[in-house]
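Here are the chains, one letter per residue:
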Amino acid sequence: MPFDAIVTQLQSRLGADALTTSEFRDNRRIHVSPDQLFEALRILNADLCFDMLAELTAVDYLKFPGARDRFGVIYGLLNTESGERVYVKTFLNEPDVSLPSVYSIWRGADWLEREVYDMYGIHFEGHPDLRRILMPEEFTSWPLRKDYPMRGKGERHNFTPITRAES
Amino acid sequence: MPLEQLQPLDATTEEKDYLWTLNFGPQHPATHTTLRLILTLDGETVVKAVPDIGFLHSGFEKLGEDLDYNQYVTIVDRMNYISPIMNEVAWFHSVEKLMGIELTPRCKYLRVILGELSRISDHLLAIGAQALDLGGFTAFLYAFNQREYIYDIFETASGQRFHPSYLRVGGLVFDVDDDFIRKVRGFVKTFPKAHADVCRLLNRNRIFLDRTQGIGILSKEMAINMSCTGPIARASGVVRDIRKDEPYLAYPDFDFKVVCAQEGDSFARYLVRMEEMIESLKIIDKAIENLPTGGVSVDADSKVVFPEQQAVYRSIESLIQHFELVMPNRQWTPPVDEIYGCIESPNGELGFYVVSDGTGVSYRARTRPPSYIHFAIFPYLIEGHTLSDVVAVLGSLNIIAAELDR
């Protein structure tokens, strides 16, 4: 299905001004607001055959030149039959950094959402087990945010040694 | 992580108190690298498995925001260290897509050859380690013997066995020599015999069959729904190969088959890997015999590659260009945008999401690691199987912990 047809179908379901699009090389992106994100992804999965969530990641635009929003969350969708890809992007701002979880649509979102939560502190409402995944659970910062320094905030030196009985 | 937090079932109730917990890893020989599983068992049957990862997390993505496009190649090398060249190909695929660089034909062919060699190397390790865990020590030795020849070829090309760091933006560090071509030709000649040996050792091996057939079955719907790619998805009947579906480098020039299976069990994953090696060898054979002449890096006037060393010493233009690329406040000027590029790595879709703010350092360098995605399906695959099947399934998924944790 051509990209224009996907956009038209989404616009007819969500409203004409619900989404904007952008394109760079072969990456075709659909920008939606966080409130309509879940509905847009659900339509893309159920009616437009994007059956795989190939990629889910976030970007912190704190120091990006000319950026207005703080976080961008990108969903890379793939149609495994035709090989088409579409990227759905949404922007978030503090203090409300939460999104609906897409675990109910794609179970592959489980660890991908946990990683974004672990690195950026973006909450996914409705995720069954939203815990830190790569960082230790007593870690208090969000390491991939741009205000987190390259050399850390001294967490490494403040770790309490764990005895064998506690581990 | 304390065990209580991971207790998935309420063991205090009367009917569940026969369940017991086993801590598997992180330092267990069968996990091969540091990954940990907390298994809840009913006798010997696994009721629930909870993976606990992050032991090797070393902030690779944060480093990607600090090192420039060329420097980061040393870090991507260390993600999937079994097939380092494939990671380099993936990283520069995204970066070159971002900058809009069209490679020279010779560079494309050399990247294909090196990439396919590392695919064979990765599959040999996956199969060898899987056989080793199931008691097939001989097959492991045969597989690792061939990997040694591949490392030798990498060393001939780049000077480094394990972490070659051979690729650069717009090309390669330097061209290969005749010795490289001779060694690749030799490998193409000798590998089918070693491959047949491993086949003979495992394909009809009663112990190997009993321990892999029907174990860890992944259905096609589940594979798609859980974002599986590569040999694991293909073993479940997902006919998808990025080399065919979204061709990159010189792959349209080659004739190869996409190897698929229907069963989706550990044995199907083994068979798919075995057959893929033969397809890779066909690609290498064709590529090395038709290797185009010419330079390995794009034209130096494009301002994205380092000029040759002699040119830097002898002409002011080349000296300036070299200076422009190494100074941290100059370097490349990619468009201010973001891009996702992916390739077919031995484990599946390996992608990089690169965000550029117009400087020589990426603003965000996100990796889409196949091992991470595939380890997430492990609890579903192992449920209901016995404790001894844990290694059979783990081996068939080929989890590389450095890529898993990054």
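Our subject is the structure listed above.
Right, let's walk through the structure included here. These numbers come from a predicted model, not from an experiment.

A few words now on the overall build of chain B. Within chain B, the secondary structure is distributed over 18 helices and eight strands. Compactness check: chain B gives a C-alpha radius of gyration of 23 Å against a globular reference of 22 Å for 406 residues, within 12% of the reference. Each principal axis of the C-alpha distribution contributes one length, and for chain B these read about 80 × 45 × 35 Å. A buried classification covers 52% of the 406 residues belonging to chain B. Contacts in chain B between residues at least 24 apart in sequence constitute 69% of all its contacts with a sequence separation of at least 6.

Let's shift gears to the overall build of chain A. When its secondary structure is counted, chain A shows three helices and seven strands. In sequence order, chain A lays out its α and β elements as α-β-β-α-β-β-β-β-α-β. The principal-axis extent of the C-alpha atoms belonging to chain A is close to 60 × 40 × 25 Å. Taking all 167 residues of chain A together, 33% fall into the buried category.

It is worth spelling out the packing of helix α4 (residues 84–99) of chain B against helix α5 (residues 105–133) of chain B at this point. The axes of two packed helices give the description: the angle between them and the distance between them. Residues and elements named next belong to chain B. It is at 7 Å that the axes of α4 and α5 come closest, and there the two elements cross at 135°. Looking at the two axes, α4 sits oblique to α5. α4 and α5 meet at a crossing whose hand is left-handed. Only Arg111, Leu114, Gly115, Ser118 and Arg119 of α5 make contact with α4, whose side of the interface consists of Pro84, Ile85, Met86 and Val89. Residue composition of the contact of α4 with α5, by class: five nonpolar, two polar and two charged.

Counting residues in each nonpolar core, the largest one holds 161 residues, and the members touching the most others are Leu53(A), Leu77(A), Val88(A) and Ile113(B). Here the element with the most residues in this core is α5(B); it accounts for 15 residues. Residues lining this core come from more than one domain, with at least three contributed by each of domain 1 (3–52) and domain 2 (60–405) of chain B.

Turning to the packing of α5(B) against helix α12 (residues 266–289) of chain B, a few remarks are in order. Residue and element names in this part refer to chain B. Look at α5 against α12: their axes get within 9 Å of each other, and the N-to-C directions meet at 155°. Regarding the angle of α5 to α12, the classification is roughly antiparallel. Judged by the twist between their axes, the crossing of α5 over α12 is left-handed. Contact residues: α5 offers Tyr109, Val112, Ile113, Glu116, Leu117, Arg119, Ile120, His123, Ala126, Ile127 and Gln130, while α12 offers Tyr270, Arg273, Met274, Glu276, Met277, Ser280, Leu281, Ile283, Ile284, Ala287 and Ile288.

Turning to the sheet that holds strand β5 (residues 85–92) of chain A, a few remarks are in order. All names here are of chain A. The strand order across the open sheet built from five strands is β1-β2-β5-β4-β3, with neighbouring strands paired in mixed fashion. For this open sheet the edge positions go to β1 (19–24) and β3 (52–60), each flanked by a neighbour on one side alone. With direction set aside, neighbouring strand axes in the sheet form an average angle of 25°. Relative to β5, strand β4 (residues 71–78) runs antiparallel, the two sharing eight bridges. Bridging from a neighbouring strand, Ile74 pairs with Lys89 of β5. Those strands touched by helix α2 (residues 34–46) are β1, β2 (27–32), β4 and β5, and its axis lies near 165° from that of β5.

Turning our eyes to something else, we now look at the sheet that holds strand β6 (residues 338–345) of chain B. The strands that make up a sheet are held in pairs by hydrogen bonds between backbone atoms, and each pair lies either parallel or antiparallel. Residues and elements named next belong to chain B. As summarised here, the arrangement of the three strands in space is β6-β7-β8, forming an open sheet in which the pairing is antiparallel. If you trace the sheet from one side to the other, it starts and ends with β6 and β8 (362–368), each paired once. Averaged over all neighbouring strand pairs, the angle between strand axes comes to 15°, with direction disregarded. For β6 and strand β7 (residues 348–356), the ladder comprises eight bridges, and the chain directions are antiparallel. Its bridge partner being in β7, Ile339 is matched across the sheet by Val354.

With that out of the way, let us pick up helix α17 (residues 389–397) of chain B. Residue and element names in this part refer to chain B. Along α17, nine of the nine residues are buried, which leaves the element largely enclosed by surrounding structure. Looking only at α17, the buried set comprises Asp389, Val390, Val391, Ala392, Val393, Leu394, Gly395, Ser396 and Leu397. With its phi angle positive at about 55°, Asn398 sits one or two positions after the end of α17.

The peptide bond linking Glu94(A) to Pro95(A) adopts the cis configuration, its omega dihedral lying at 5°. The residue Pro95(A) is located in the loop between β5 and β6 (98–100) in this model. Not every positive phi belongs to a glycine, and Asn398(B) is a case in point at roughly 55°.

This next bit is on the interface of chain B and chain A. With 35 residues of chain B at the interface, the matching set in chain A holds 30 residues. Counting only elements with at least two residues in the side of chain B that touches chain A, the list comes to α2 (60–64), α9 (220–225), β6, β7, β8 and α15 (370–376) of chain B.

Residue and element names in this part refer to chain B. Positionally, Glu246 belongs in the loop between α11 (242–245) and α12. On the basis of neighbour counts, which here come to 18 C-beta atoms within 10 Å, the residue Glu246 falls in the partly exposed class. Distance from Glu246 to Tyr142, taken between C-alpha atoms, is 34 Å for residues 104 residues apart in sequence.

Our next topic: the environment of Ile373(B). Within the secondary structure layout, Ile373(B) lies in helix α15. Here Ile373(B) is in contact with Gly108(A), Ser227(B) and Cys228(B), once residues within four sequence places are set aside.

A separate point is helix α7 (residues 178–202) of chain B. All names here are of chain B. In a regular helix each residue adds 1.5 Å, so 25 residues correspond to 36 Å; α7 covers 36 Å between its end C-alpha atoms and thus fits that length. At Thr190, α7 shows its largest bend, some 35°, and a proline, Pro192, comes one to four positions later. What α7 keeps buried is the set Phe180, Lys183, Val184, Phe187, Phe191, His195, Val198 and Leu202.

This brings us to the pairing of β8(B). Sheet faces and side chains relate simply in a regular strand, where the side chains alternate between the two faces. Residues and elements named next belong to chain B. Taking burial as the measure, the seven residues of β8 include seven buried ones, the bulk of the element. In terms of strand pairing, β7 meets β8 through six bridges, oriented antiparallel. Across the sheet, Val355 pairs through a bridge with Arg364, a residue of β8. A loop of five residues connects β7 with β8, the two strands running antiparallel in sequence, and Gly358 in this loop sits at a positive phi of about 90°.

So, on to the environment of Val46(B). Residue and element names in this part refer to chain B. Within the secondary structure, Val46 sits in strand β3 (residues 45–52). Classification of Val46 by C-beta neighbours within 10 Å gives buried; the count is 22. In sequence terms Val46 and Glu324 are 278 residues apart; their C-alpha atoms lie 59 Å from each other. Setting aside anything within four residues of it in sequence, one finds Val46 in contact with Leu39, Leu41, Ile382, Glu383, His385, Leu387 and Val390.

About the cut-offs
- Residues numbered from 1 in each chain as written.
- Chains lettered and ligands numbered in written order.
- Predicted model: local features only at pLDDT ≥ 70, side-chain atom pairs only at ≥ 80, totals over all residues.
- Helix = DSSP H or I, 4+ residues; strand = E, 2+ residues; numbered from the N terminus.
- Rg over C-alpha atoms; globule rule 2.2 N^0.38 Å.
- Buried ≥ 20, exposed ≤ 12 C-beta atoms within 10 Å, placed from the backbone.
- Contact = placed C-beta atoms within 7 Å.
- Axes fitted to C-alpha atoms, helices over the stretch in contact; angles between N-to-C directions.
- Parallel < 35°, antiparallel > 145°, perpendicular 65-115°, else oblique.
- Left-handed = near helix turned anticlockwise from the far one by under 90°.
- Nonpolar A, V, L, I, M, F, W, Y, C, P; charged D, E, K, R; others polar.
- Core = buried A, V, L, I, M, F, W, Y, C linked by C-beta atoms within 7 Å.
- Domains from an automatic or database assignment.
- Pairing = 2+ DSSP bridges.
- Expected span 1.5 Å × (residues − 1).
- Bend = angle between axes of the 7 residues up to and from the residue.

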